[in-house]
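The primary structure of each chain is shown beneath.
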Amino acid sequence: MLSEPASSQKTSGPVRALARGLAILRYVNKVGEARPGEVAKALGLPRPTVYRLLETLEELGYVAFSATSNYVRVTRFAAALGDGYALTTEITQAAGPIFSEYSRQVVWPLDLTVYNNAAMVIQETTHGRSPLSIDRGMTGYRLPVLRTSTGRAYISFCPEEERALILDHLRRLGDEKDAPFLEKRWLSRLLEETRNRGIAIRDSGEFRQETASIAVPIRSAGAVLGCVSLIWIRSAMSTPEALEKFGPLVLEIAEKIAEALRD
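Predicted model, so just to flag it, every value in this text is computed and none were measured. Going along each chain's sequence as written, the residues are numbered from 1 onward. Whole-chain, interface and lining totals are the exception, using all residues; otherwise, since this is a predicted model, local features are given only for residues with pLDDT of at least 70 and side-chain atom pairs are given and counted only at 80 or more. Side-chain metrics rest on all non-hydrogen atoms present in the structure, leaving aside hydrogens and water.

Novice: Help me out: how do you make sense of empty space enclosed by the protein in this one?
Specialist: By rolling a water-sized probe across the atoms, one finds the places where empty space is left. In the cavity and pocket records, a cavity denotes points on a 1 Å grid over the protein atoms alone where a 1.4 Å probe fits but cannot get out, a pocket denotes an open set with protein on both sides within 12 Å along at least 5 of 7 lines, and lining residues are residues with an atom within 4 Å of a point. Grid points are joined across faces, edges and corners, and a volume is the space filled by probe spheres set on the points. A full pass over the atoms with the stated rule returns 3 cavities of 30 Å³ or more. There is about 150 Å³ of room inside the largest cavity. In this structure, the largest cavity is lined by 16 residues; those nearest its centre are Asp111, Leu143, Arg202, Phe207 and Ile231. For the lining of the largest cavity, the secondary-structure elements that each account for two or more residues are helix H7 (149-157), strand S7 (211-220) and strand S8 (223-233). Put simply, DSSP H or I for four residues or longer makes a helix, DSSP E for two residues or longer makes a strand, and each gets a number counted from the N terminus.

Novice: Where do I start with the sheet that holds S7 in this structure?
Specialist: What holds strands together in a sheet is hydrogen bonding between their backbones, with the strands either parallel or antiparallel. Pairing is antiparallel across the open sheet formed by 6 strands, whose spatial order is S5-S4-S3-S8-S7-S6. For this open sheet the edge positions go to strand S5 (142-143) and strand S6 (200-202), each flanked by a neighbour on one side alone. Should DSSP find at least two bridges between two strands, the strands are taken to pair. Pairing of S7 with S8, which is carried by 10 bridges, proceeds in the antiparallel orientation. Residue pairing across strands places Ala215 opposite Ser229, the latter belonging to S8. The contact criterion used is simple: two residues touch if any of their non-hydrogen atoms lie within 4.5 Å. Structural elements are reduced to axes, namely lines fitted to C-alpha atoms, with helices fitted over the stretch in contact, and the angle between N-to-C directions of any two is expressed from 0 to 180 degrees. Those strands touched by H7 are strand S3 (110-115), strand S4 (120-125), S5, S6, S7 and S8, and its axis lies near 35 degrees from that of S7.

Novice: I keep staring at helix H2 (residues 13-31) and nothing clicks. Help me out?
Specialist: One turn of an α-helix holds 3.6 residues; hence residues three or four places apart share an orientation. Here a helix's expected span is defined as the number of its residues, less one, multiplied by 1.5 Å. For H2, which comprises 19 residues, the first-to-last C-alpha distance of 27 Å matches the rise-based estimate of 27 Å (1.5 Å per residue) to within 8%. Along H2, the residues classified as buried are Ala19, Arg20, Gly21, Ala23, Ile24, Leu25, Tyr27 and Val28. Once H2 ends, the next one or two residues include Gly32, with phi positive near 95 degrees. A simple rule labels every residue: compare its accessible area, found with a 1.4 Å probe on the protein chains alone, to the largest value its type can have, and call it buried under 20%, exposed over 50%, or partly exposed in between.

Right, dumping it as structure tokens:
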């Protein structure tokens, strides 16, 4: 029988619940799939506790119950935790030189973002060296998913299961600013238009009034590793002009980053 970590036996309250939740997640990941009763027996935990923690893990997107049985499995979201930091580091290292290579052609600032816990996080940026940027110190900045082009690019091209988990998470968070963009009709139109275009856009002042942006995904083996976005001042250029002039370049940059990661 697997036992709880020694540290969890000396604690109580939220810390103990966290330790038990992690132990359950590790066990399910190890065996591939399991019934709650099997998890309880293996870890020596009460069944009601296991059910409650599994429900919490499901709400957070780390596990999913089978629709046809009582089995629970870890999700792609949970599986990505193991190598997420290393992958983010690799993407950032790949993007830096490529951003520099295109700096003369693309004077407007570029961002490299990755998805993390209901936000797109800027990992690499040219805001600091772009003469046309009105922002500074953007590395590490968390951007809303539904109200930015980079988030829209991510949810439009990520796997269906991951997109469903992200949208469910955003609904649970209940940010009133996201409410109009969680409507089914709006989401369907967004996904269709973005996929047809290959590029996501933000140009209606839904996030920052003074700027607009376009973004494309960095894709590999069916997954979206991150996104590249270009930001400009709305009064300086229309969206059709940005798409025509910079759309192909942003797509090219994203593909070069994907190629660098494959190499």
